[in-house]
Amino acid sequence: DTGVSQDPRHKITKRGQNVTFRCDPISEHNRLYWYRQTLGQGPEFLTYFQNEAQLEKSRLLSDRFSAERPKGSFSTLEIQRTEQGDSAMYLCASSLSGVEAFFGQGTRLTVV
Amino acid sequence: DQQVKQNSPSLSVQEGRISILNCDYTNSMFDYFLWYKKYPAEGPTFLISISSIKDKNEDGRFTVFLNKSAKHLSLHIVPSQPGDSAVYFCAASGVGYQLIWGAGTKLIIKP
């Protein structure tokens, strides 16, 4: 499978714990995006990488959120001190040069 | 503020008929519009796009129309098939690197 891969698919965590998600983009894609989606809404942009450089961050990305893309390949999104409001689907997408982004299946986070 | 709006939360269409999904936007800086399809428990799948310099783009059963003066676009699916049942999202680009999304329309194709 050469699509965007996200791990884990599901994560249940207790409030206050830290969680980390991983995204492996399509191999030749230099652009990588993180989005968050809650029920009944469209995805909301979190952050964007071009190769290893983080070029854009949404104001939604509080200090508890951090994303990295070392060496311009896979990316991680970490949420520290999780809150119930962080419960959502976290989507990763990648693209080569056009605006069409290709999405992974997402990581469903539930904070209890 | 919602820059991209999909005002119909759901739409039910008979199999074989035309499905028309609508999307309105407010930001005239948007230069590209996309439609994505999403099945439950999966990520969105790219369907079709249109540049702001065009008014129509067609790909098989799918056609997207753009009316810039009205800030409105629509997705036509002809003929509708049971596998088209999904949530359809309209998205726009042109403000930074992000896509700005509508809330989605759930399309139900009745046999």
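The notes below deal with the structure included here.

Conventions adopted
Residues numbered from 1 in each chain as written. Chains lettered and ligands numbered in written order. Predicted model: local features only at pLDDT ≥ 70, side-chain atom pairs only at ≥ 80, totals over all residues. Heavy atoms only, no water. Disulfide = S-S within 2.5 Å. Helix = DSSP H or I, 4+ residues; strand = E, 2+ residues; numbered from the N terminus. Buried < 20%, exposed > 50% of the residue type's maximum accessible area, 1.4 Å probe, protein only. Salt bridge = Lys/Arg side-chain N within 4 Å of Asp/Glu carboxyl O.

1. Quick look at the state of the cysteines
Chemically, a disulfide is nothing more than a covalent bond linking the sulfur atoms of two cysteines. If you walk through the whole model with that rule in mind, you get 2 disulfides over all chains. Each disulfide pairs two cysteine sulfurs, and for Cys23(A) the partner residue is Cys92(A), the sulfurs being separated by 1.9 Å. As the torsion about the S-S bond is roughly -70 degrees, the Cys23(A)-Cys92(A) disulfide counts as left-handed. Pair noted here: Cys23(A) is in strand S3 (residues 19–24) and Cys92(A) is in strand S9 (residues 88–95), with a separation of 69 residues, a long-range link. Judged by its relative accessible area of 0%, Cys23(A) falls in the buried class. Each disulfide pairs two cysteine sulfurs, and for Cys23(B) the partner residue is Cys90(B), the sulfurs being separated by 2.1 Å.

2. Examining the pattern of salt bridges
All names here are of chain A. Under the definition given, this model contains 5 salt bridges over all chains. Two residues, aspartate 24 and arginine 22, come together in a salt bridge whose shortest N-O distance is 2.8 Å. Its relative accessible area of 27% is what places aspartate 24 among the partly exposed residues. Residue classification places arginine 22 among the partly exposed positions, given a relative accessible area of 34%. It is possible to trace a salt-bridge network through shared partners that takes in Arg64, Glu83 and Asp86.

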